[in-house]
Amino acid sequence: MVIMNQKNVVFLLYFLISASFLSCEQNEIVYVTNTGRAYHKESCSSLVNSKIAVSIIDAARSHNACPVCNPPVIDILNIPQNKTGIYRLNNTVLEKSGDAKIELMLKADVVSHVDGDTVRVRINNPPEGLSVVETIRFLGVDTPETVHPNQSVQVFGNEASDFTRRNLLGKTVYLAFDWDLRDRYSRLLAYVYTASGNCFNANLIKEGFGYAYLNHPFQFMEEFKNFEYEARRQERGLWAQ
């Protein structure tokens, strides 16, 4: 039989009330627009042209609170991303890869590189469903083949592979995810961010080391298509004459 003194009872009540408040806070609905970078109360005048209802926790991952209507503010860093601790960008309203929040991503160390769009990483204390060592296939980008068992080395494949090796091998990176967590080969599908906050997937396309991979939808498809268009137009990397 456990006997609780008055101090313990007060602490328990405080904990239960705080947990209940936090749960309600996360489920609260706020509103964003198609192009804005703030979230709003339903009555805000900024919602004239578009009005998208989202949970406050999803809005706070990519938007700031509107300074005019003063919607509720939530401390996103003290809230679990989800049950597995994996930051899925398809659950946000982000349109640009540069707007993702690195502090919410999964930290990993690149221990080896496979080719231009694939590396292996070590994850300390991996969340449920992930292993300590994982093979990462970059989301939204495809580089020329260098290690395919049924294909010879493709044009500019070695250059792309070397670019990834030089920039990522031995470095700490940050991983964000999308709709599908793994591909048919059980590789993790991820956006790989460097410590400076740059999306390496996007950089491969910008510098002409890879194509925007459009066979399957992903969060930044339109942005990556535009990056490829610019790389082609400026004849960078594999697009050089």
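Counting restarts for each chain: residues are numbered from 1 in the order of the written sequence. Local features in a predicted model are, by the rule used here, given only for residues with pLDDT of at least 70; side-chain atom pairs are given and counted only at 80 or more, and totals for whole chains, interfaces and linings are based on all residues. Where side-chain values are given, they derive from all heavy atoms of the structure, hydrogens and water being excluded.

> Got a minute to help me understand the pattern of salt bridges in this structure?
Any carboxyl oxygen of Asp or Glu within 4 Å of a side-chain nitrogen of Lys or Arg constitutes a salt bridge here. Under the counting rule described, the total for this entry stands at 10 salt bridges. Residues glutamate 42 and lysine 51 are paired through a salt bridge, measuring 3.3 Å at the closest nitrogen-oxygen approach. In this structure, the salt-bridge partner of aspartate 117 is arginine 137, at a minimum N-O distance of 3.6 Å. In this pair, aspartate 117 is assigned in the loop between strand 5 (106–115) and strand 6 (118–122) and arginine 137 in strand 7 (residues 133–138), connecting sequence segments 20 residues apart. Of the two residues, aspartate 117 and arginine 137, both sit in the buried class. The network of salt bridges with common partners includes Asp117, Arg137 and Asp142. Helix and strand definitions here come from DSSP, where helices need a minimum of 4 consecutive H or I residues and strands a minimum of 2 consecutive E residues; each element is numbered from the N-terminal end. Three labels apply to residues, based on accessible area from a 1.4 Å probe with only protein chains included: buried if under 20% of the type maximum, exposed if over 50%, partly exposed otherwise in between.

> Explain the environment of proline 127 to me, please; I cannot follow it from the model alone.
Within the secondary structure, proline 127 is located in the loop between strand 6 and strand 7. In sequence terms proline 127 and leucine 106 are 21 residues apart; their C-alpha atoms lie 8.9 Å from each other.

> Just checking my understanding: could you explain the side chain of threonine 33 for this structure?
Structurally, threonine 33 is set in the loop between strand 1 (29–32) and strand 2 (38–39). The exposure class assigned to threonine 33 is buried, which follows from its relative accessible area of 13%. In what follows, a contact means two residues having at least one pair of non-hydrogen atoms within 4.5 Å. When sequence neighbours within four positions are dropped, the list of residues in contact with threonine 33 reads Ser46, Leu47, Ser50 and Ile52.

> Explanation requested: unusual backbone geometry in the structure shown.
Leaving glycine out, the prevailing phi sign among residues is negative, and the prevailing peptide bond configuration is trans. The phi torsion at serine 186 lies on the positive side, around 70°, for a residue other than glycine. Summarising the element assignment, serine 186 is placed in the loop between strand 9 (172–176) and strand 10 (188–193). The backbone of glutamate 235 sits at a positive phi, close to 55°, despite the residue not being glycine. Residue placement: glutamate 235 occurs in the segment after helix 5 (221–233).

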